[in-house]
Structures are given as structure tokens and as C-alpha cells.
Amino acid sequence: MDNAKRNRQVANGFYNLGLEKAKRRDLTGAVEYLKKSLRFDKYQMDARNLLGLVFYELGETADALMQWVISMNLHPEDNPADSFLEKIQRKPGQLEKENQTLQAYNQALAYIKSKNEDLAVLQLNRAVEANPHFVKAQMLLALICMSQGDYVKAGKSLLQVLQIDKSNAAAQQYMTIVKQNTGREEAEQKKQKNAYSHRQMEEDDIIIPPAYKESSGWSSILNIIAGLVIGMAAMFFLVMPAITKSLNASHNQELISYSQKINELNQELDVVKGDYTSLETEAGQMKEQLATIEEENQARLNQYQILIGILQAYRNDDLMTTAQLFSMLDASLITDEDVLAIVNAIAEDMTTNGYQTLQNMGTAAWNTGRLDDAIQYYEKSIQVKPDNTSAMFLLGRLYQDQENTEKANFWFGKILDEFPESSQAERAREARGY
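The structure displayed is predicted, hence computed values, not measured ones.

A.B. asks: Just to check I follow, could you spell out the packing of helix α2 (residues 27-40) against helix α3 (residues 45-57) for this structure?
C.D. replies: Between two packed helices, what matters for the description is the angle formed by their axes and the separation of those axes. Put simply, α2 and α3 touch, their axes get as near as 9 Å, and they point 150° apart. By the criterion of interaxial angle, the relationship of α2 to α3 is roughly antiparallel. Crossing handedness for the pair α2 and α3: left-handed. Along the contact surface, α2 presents Leu27, Ala30, Val31, Leu34, Lys35, Ser37 and Leu38, while α3 presents Ala47, Arg48, Leu50, Leu51, Val54, Phe55 and Glu57. Here the contact of α2 with α3 is composed, by residue class, of 10 nonpolar, 1 polar and 3 charged.

A.B. asks: What is the right way to read the packing of helix α6 (residues 94-113) against helix α7 (residues 117-130) from this model?
C.D. replies: Where α6 contacts α7, the axes come no closer than 8 Å and their chain directions differ by 160°. Classified by the angle their axes make, α6 and α7 are roughly antiparallel. As for how α6 packs across α7, the hand of that crossing is left-handed. Residues Lys97, Thr101, Ala104, Tyr105, Gln107, Ala108, Tyr111 and Ile112 of α6 pack against Leu119, Ala120, Gln123, Leu124, Ala127 and Ala130 of α7. Among the residues making up the contact of α6 with α7, the classes are represented as 10 nonpolar, 3 polar and 1 charged.

A.B. asks: Help me understand the pattern of salt bridges, please; the structure alone is not making it clear to me.
C.D. replies: Should their charged atoms come close, side chains of opposite charge can pair. By the definition in use, this model includes 9 salt bridges. Taking the shortest distance from any N to any O, the salt bridge between Lys21 and Asp26 comes out at 3.2 Å. One salt bridge connects Lys414 with Glu418, and the closest N-O pair in it is separated by 3.1 Å. In this pair, Lys414 and Glu418 both sit in helix α17 (residues 405-418), 4 residues apart, roughly one turn of the helix. Judged by relative accessible area, Glu418 falls into the partly exposed class, the value being 46%.

What counts and how
Residues numbered from 1 in each chain as written. Predicted model: local features only at pLDDT ≥ 70, side-chain atom pairs only at ≥ 80, totals over all residues. Heavy atoms only, no water. Axes fitted to C-alpha atoms, helices over the stretch in contact; angles between N-to-C directions. Helix = DSSP H or I, 4+ residues; strand = E, 2+ residues; numbered from the N terminus. Parallel < 35°, antiparallel > 145°, perpendicular 65-115°, else oblique. Left-handed = near helix turned anticlockwise from the far one by under 90°. Contact = heavy atoms within 4.5 Å. Nonpolar A, V, L, I, M, F, W, Y, C, P; charged D, E, K, R; others polar. Salt bridge = Lys/Arg side-chain N within 4 Å of Asp/Glu carboxyl O. Buried < 20%, exposed > 50% of the residue type's maximum accessible area, 1.4 Å probe, protein only.

Purely spatial values, then, with no claim about function.
Next comes the structure, spelled out in C-alpha cells:
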């Protein structure tokens, strides 16, 4: 068996495991297996699309868009990712809503850095209200509530996380602390213990009533008196010392037992305090890392939105929109190799052919009297290829025909100042009159 076939089989195996995890709402486990699937076969369309859906369910919209854009580039035909992207864009203001939610989360991180936790809570409440599936926001809100002693509210956020992602290890660990501080853990243990501590009466159980014997006459009276005297004497001399000794021993044993329990509880409390301190330190480190990551994600999300618009305009042969969006794209913020390959391919085509097409469209518009359209086409051609002196010269001549000397001289001067060795430099000098 060749390596390619073996890799595909391994990738399919990891995809099936990831799919099973996702069905059981173990989203953390699903992400792990789906990423492994794509390591063995990056062309596994189902694994990549499912990974995007899992990210979207976790509130990671930027990562979801990235996976679907890559999937569309690798499999442009009959790809469900196309419908996923279309649904997000078709919803009015959906991307803007996601953007505002991410901004609220980033603002909360900034407030936490400045130790203004109350304002951070307000921003996080806005974020989770807009997107209850935003797991990172729910987790951060729970951490702040725990630090403020509001374990009930922290428990609600953690419960929401565990309903979305049942195997979120951090959420499970935080929930344990919440239960310990709200009494839920002890109540659950007592409930479980009581469920097995009572036995119902069986049908063959027998209740034996106390026996008694009737008597009458003086003999009965004397017997009763004698019995009382003997009983009191036996109680005083025999029974009471044994009872007193037994009670003292029982009391001492209870004291020892209580002391042992108190020591055990103190030890458990020390362990919990140590764990909580460790968690607080870890949470602080996570907050700092999240602040950097979310700032980068905000910028990345904007770039992916622009990239989606470029791909759609490019497919529709709308060069004007493509050029406009392409001039806004910052390729340095895109680190994924597959997405970067798409950007580089579009950039190469635009700088090789697109700029000339835009210039030709500008000249055609000028010839038919659509001067405003011609100006836009020339400007977009220059945006795509900043050293396109032909488009600069034509733009200067067009403004010259409109008797707009200031703008005409601007473009002629730009050629002379920045590209004095170009083929258009002499013509620009003549057109400007020196």
C-alpha cells in the first residue's frame, strides 16, 4: 500500500472518530481528531467542513470561516461549505454582529488588564447574550464571578459551556470548585448515600409485641415492690457504672472521630485552596494569552470577510469590486498556508492581468463619454499596480480634458517624481508643459 492511500485511510479513521465525538457533543475531542485527520490528508473535505461547523458552534467564527474558505478553494464544486458561507452572509448583519461580539470580548479583556472587573462583566454579558455559544466568553465570565465569590452565576456560565462541549476539561474543573463552594457537592453525595441507606420491610418480617402477664392480690403488690427495690439496687450498683463507662468511652470515641474528620476537612481545604490559587495563576496567564490571541483574531476575522468578498467578486468577473477589496486586504495577517496560497494566486493574477484589464475598461468608458467611470477604473488599476504609469498618464490627460489642471498636474508630477525613468515620463513632462 502506498503512503498516499494509507494517509487517506488514517485521515478517514480520525474523521469518523471526530464525527462520533461531535455527535456526543464532545466538541473539544472532535476538534482534536478532525485536526489529526487534516494532518494526514488536507483534502479531506468532510473533515474540514465539520471542523468549521464545530468551531462555529464554539463561537469561533473566524476559525470557522477560515476552514470553509480553504475547503472551497480545494473543492470548488458541490461543496457544502459554499452554503455555510452563503448562510452567514445572507443573514442581515450577521458578520457585523459577530464582529461586535468579538469587540465586546476584547474590551472585557482590556478591562480585566486595568483591574476593572465590573465593566468586564458587563461586556462579557453583552457577548454571551449576543452569542450564548461563545465558549471563551462564558469561561472568562465564570472565572471573574468565581474570583468575586459569585459561584451561583459562575455555575450558570459553566453549565452553558458543558451543555455545548461536554468534555471541556477546564469547565469541569471549575465546576468542581463551584460545587464545593455552593454545597452542591455535599448535597449530591448525601443524596446518593441516602438512596442506599434505607431498607423497606419485607413481607415475611415479623413485629413481636412485648409479652405481659396479668396478676392480682397482695402477692402481686409485694412482687412489684420487691422487684422495684431489687431493680433500683441493681441499677445503682451494677448498671449505672457500666452505662457511665460506656457513655464516656463512646463520647471519647466520638471526639476522636470528630477530630479526625476536622483534620481531614482541613487537609482537603488546604488542597482546594492550593488548587484555587494555582487555577487563579493559570487563569491570569490564560487571560494574557487570550488578550493577544483575540486581538489577532479580530484583525484576522476582518481579513477573512474581505477575502470572501474578493472570491465572490472574482468569480462574478466583477473586477471593480475585486480591485477595491484587494486594495484593503492585508496578506501579512493571514498565516494559514492554504488561505495564503489563494491570496497569492489572486494577487498574481491581479498584478499580471487585472490591472491592465481595469485600465482598458477605463479607456473604453472614456471613449463612450462615461468619464466618472473611467476615472474609477484608472484609479483601481493604479491601486492594484502602484507603478502603472500608463494609467497615471491617462488619468492626468482625462483631468486635463476636464480642465482640472490641479489634479492633472498631480498625476503628471507623480510620474516625474517617482518614475522619472519610465516610458511615460517624457510624455508627462510635455503634457505638463515643461
